[in-house]
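Here is what each chain is made of, one letter per residue.
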Amino acid sequence: QVQVVESGGGLVQPGGSLRLSCAASGNIFKIGNMNWYRQTPGNQRELVAGITSSGSTNYAAFVKGRFTISRDNAKNTVYLQMNSLKPEDTAIYYCNAFVGTMTGTNFLSWGQGTQVTVSS
């Protein structure tokens, strides 16, 4: 069994910063790509940023230059540093991880999400 848990969301003023964390735990042998998505009511979940196990990153155009994704492989954790936040960044932020288990199975595991609200 694998758990993925996000943390670090909250209320922040426009122009402010937040750092999200996402930790995977359980029956883990290795973790491949880890990604951050976000979703607002009535809209599809959209990719924000992704990072491979070797540290290569990719970003959605709407966060380039403002958000930074990083990971700590020893802790099975991925981070999302969000700067210069805008009201339109308000969403539930989800993390996923491609997990390989000790028993040889591989699957994509999602967290439950953390709310980010940008408002004055």
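Residues numbered from 1 in each chain as written. Predicted model: local features only at pLDDT ≥ 70, side-chain atom pairs only at ≥ 80, totals over all residues. Heavy atoms only, no water.

Asks: Describe the sheet that holds strand E8 (residues 77–82), and please don't skip the residues or the numbers.
Replies: With respect to topology, 4 strands assemble into an open sheet ordered E1-E3-E8-E7, the strand pairing being antiparallel. The open sheet has two free edges, formed respectively by strand E1 (2–7) and strand E7 (67–72), since each of these has just one partner strand. Strand-to-strand twist in this sheet, taken as the mean axis angle between neighbours without regard to direction, amounts to 15°. Pairing of E1 with strand E3 (residues 18–26), which is carried by 6 bridges, proceeds in the antiparallel orientation. When the bridges of E3 are listed, Val2 appears paired with Gly26. (Pairing = 2+ DSSP bridges. Helix = DSSP H or I, 4+ residues; strand = E, 2+ residues; numbered from the N terminus. Axes fitted to C-alpha atoms, helices over the stretch in contact; angles between N-to-C directions.)

Asks: Any details on the nonpolar core? Residues and values, ideally.
Replies: A general tendency of soluble globular proteins is for nonpolar side chains to be buried together. Judged by nonpolar contacts, the single largest core of 29 residues is most densely connected at Trp36, Val48, Phe67, Val78, Leu80, Met82 and Tyr93. For this core, the secondary structure elements donating two or more residues are E1, E3, strand E4 (30–39), strand E5 (46–51), E7, E8, strand E9 (91–100) and strand E11 (114–118). A total of 5 residues in this core trace back to one element, the largest contributor, which is E9. (Core = buried A, V, L, I, M, F, W, Y, C linked by side-chain atoms within 4.5 Å. Buried < 20%, exposed > 50% of the residue type's maximum accessible area, 1.4 Å probe, protein only.)

Asks: Give me the lowdown on the state of the cysteines, citing residues and values where you can.
Replies: Tallying each qualifying case throughout the model produces 1 disulfide. Each sulfur in the disulfide pair Cys22 and Cys95 lies 2.1 Å from the other. Judged by the torsion about the S-S bond (-75°), the Cys22/Cys95 disulfide is left-handed. Here Cys22 is found in strand E3, whereas its partner Cys95 is found in strand E9, with 73 residues between them in sequence. Judged by its relative accessible area of 0%, Cys22 is buried. Classification of Cys95 by relative accessible area gives buried; the value is 0%. (Disulfide = S-S within 2.5 Å.)

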